[in-house]
Amino acid sequence: EVPGEFRLQDLVGDGTKAWKLKPAAGAFGVGPSAGSDEYFPNGTDISGDRACLFNDLFIFNQDGTYSYDPQGDIFAELYMGVEAEGCQSVDNLAGTPGAAWGAGTHEFSFAEGTESSNAKITVTGTGAFIALPKAFNAGEYNAGPPEADKAVTYDVIGYKNEDGVEELTITIDVTDSGGVFWTFVLIPDNN
């Protein structure tokens, strides 16, 4: 299916729908174009090394709320204000400049795609993000705290629904020139 066929109902399901990163190569990465992971991890499946990232839930609700549920652990990086990088308890964010990147409920909006534009998912709130706290439109955080009540918009560049098996690909340009994109492949959490 073309991304333009991705609808709000696909995102929120029967009223609430949780998404997570697909445990596969190419599901989380950065490169010079939308969909590329050439810069990192360049074709490597990192889901085993970062199980604490691949269990994160990104939950969209019909009422326009969006929740991030790290399921108790996060893949923390130094920019968040933690003492060490790697899988650790989300509780380690407490009291740090990156505390707002922990579990939380925010707002979201959805813009349907057209023949000439991608559908867009925007999450809004202090610390709101999908998949990677660091990335925002035209930039990346080098340190916390996240900007207050910030909106971050992701472009839908792929959507498949084959016999109920869904896969959603979103991307975000972290430059103002179309030079560096983070791309994430999400699947519904059917557990």
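Throughout, residues of each chain are indexed from 1 in the direction in which the sequence is written. Confidence filtering applies because this is a predicted model: local features only for residues at pLDDT of at least 70, side-chain atom pairs given and counted only at 80 or more, and all residues used for totals across whole chains, interfaces and linings. Hydrogen atoms and water are omitted, and side-chain values are computed over all heavy atoms in the structure.

Colleague: Got a minute to help me understand the overall build of the protein chain in this structure?
Modeller: Helix and strand content of the protein chain: two helices and 13 strands. Relative to a compact globule of 191 residues, whose C-alpha radius of gyration would be 16 Å, the protein chain shows 15 Å and is just as compact. Relative accessible area decides the class of each residue, using a 1.4 Å probe on protein chains only: under 20% of the type maximum gives buried, over 50% gives exposed, and in between gives partly exposed. Across the 191 residues of the protein chain, 52% fall into the buried class. Here the accessible surface of atoms and residues is derived via Shrake-Rupley with a 1.4 Å probe, and residues count as covered only by protein chains that are part of the display. For the protein chain, the computed accessible surface area is about 8600 Å², with 46% contributed by carbon and sulfur atoms. Runs of E in the DSSP output that reach at least two residues are strands. Runs of H or I that reach at least four are helices, and both are numbered from the N terminus. C-alpha atoms define the radius of gyration in this analysis, and the globule rule sets the expected value at 2.2 Å times the number of residues to the power 0.38.

Colleague: How should I be thinking about empty space enclosed by the protein in this particular structure?
Modeller: If a probe the size of a water molecule is rolled over the atoms, the empty space left behind becomes visible. The way it works is a 1 Å grid over only the protein atoms, where trapped points that fit a 1.4 Å probe form a cavity and open points with protein on both sides within 12 Å along at least five of seven lines form a pocket, and then any residue with an atom within 4 Å of a point lines it. Grid points are joined across faces, edges and corners, and a volume is the space filled by probe spheres set on the points. Considering all chains together, one arrives at two cavities of 30 Å³ or more under this definition. As for the largest cavity, its lining consists of 15 residues, of which Leu-53, Phe-75, Met-80, Ala-131 and Pro-133 are closest to the centre. By the convention adopted, Pro, Cys, Tyr, Trp, Phe, Met, Ile, Leu, Val and Ala count as nonpolar, Lys, Arg, Asp and Glu as charged, and the other residues, Gly among them, as polar. Tallied by class, the residues present in the lining of the largest cavity amount to 12 nonpolar, no polar and three charged. There is about 50 Å³ of room inside the second largest cavity. The wall of the second largest cavity is formed by Trp-101, Gly-125, Gly-127, Ala-128, Phe-129, Pro-133, Ala-135, Phe-136, Tyr-141, Pro-146, Lys-150 and Val-152. Grouping the constituent residues of the lining of the second largest cavity by class yields nine nonpolar, two polar and one charged.

Colleague: So what exactly am I meant to see when it comes to the packing of aromatic side chains here?
Modeller: Each aromatic ring pair is described using two quantities: the centre-to-centre distance and the angle formed by the ring planes. Ring geometry is summarised as follows: Phe, Tyr and Trp rings, the Trp one being its six-membered ring, pair when their centres sit within 6.5 Å, and such pairs are stacked at plane angles under 30 degrees, edge-to-face over 60 and tilted between the two. For the structure on display, the rule yields 12 aromatic pairs. Judged by centre distance (5.5 Å) and plane angle (40°), the rings of Phe-28 and Phe-184 are tilted. Residue Phe-28 is found in strand β2 (residues 28–31), and its partner Phe-184 is found in strand β13 (residues 181–188); the two are separated by 156 residues along the sequence. Its relative accessible area of 3% is what places Phe-28 among the buried residues. By way of ring pairs, the aromatic residues Tyr-79, Trp-101, Phe-136 and Tyr-141 are connected into one cluster. Comment: the charge-over-ring label is applied if NZ (Lys) or CZ (Arg) is within 6 Å of the ring centre and within 35 degrees of the ring normal. For the cation-ring pair, Arg-50 lies above Phe-75, with the distance from its terminal atom to the ring centre recorded as 3.8 Å.

Colleague: Would you explain the state of the cysteines in this entry?
Modeller: A covalent bond between the sulfur atoms of two cysteines is what we call a disulfide. Disulfides are defined as pairs of cysteine sulfur atoms found within 2.5 Å of each other. Scanning the entire structure with this criterion turns up one disulfide. Disulfide partner of Cys-52: Cys-87, at an S-S distance of 2.0 Å. Residues Cys-52 and Cys-87 are joined through a disulfide that is left-handed, its torsion about the S-S bond being -80°. One end of the pair, Cys-52, is in helix α2 (residues 51–54); the other, Cys-87, is in strand β6 (residues 86–89), with 35 residues separating them in the sequence. Using a relative accessible area of 42% as the deciding quantity, one classes Cys-87 as partly exposed.

Colleague: Quick question: what am I supposed to make of the nonpolar core here?
Modeller: Within soluble globular proteins, side chains that are nonpolar generally end up buried alongside one another. Among the buried residues, those of types Ala, Val, Leu, Ile, Met, Phe, Trp, Tyr and Cys that are joined through side-chain atoms within 4.5 Å form a nonpolar core. Residues Leu-11, Phe-60, Ile-121, Ile-130, Leu-168 and Phe-184 are the most contacted members of the largest nonpolar core, which totals 50 residues. By the convention used here, residues are in contact when the closest approach between their heavy atoms is within 4.5 Å. With near-sequence residues (within four places) excluded, Leu-11 lies in contact with Phe-6, Lys-17, Trp-19, Phe-60, Phe-108, Phe-110, Ile-121 and Leu-168.

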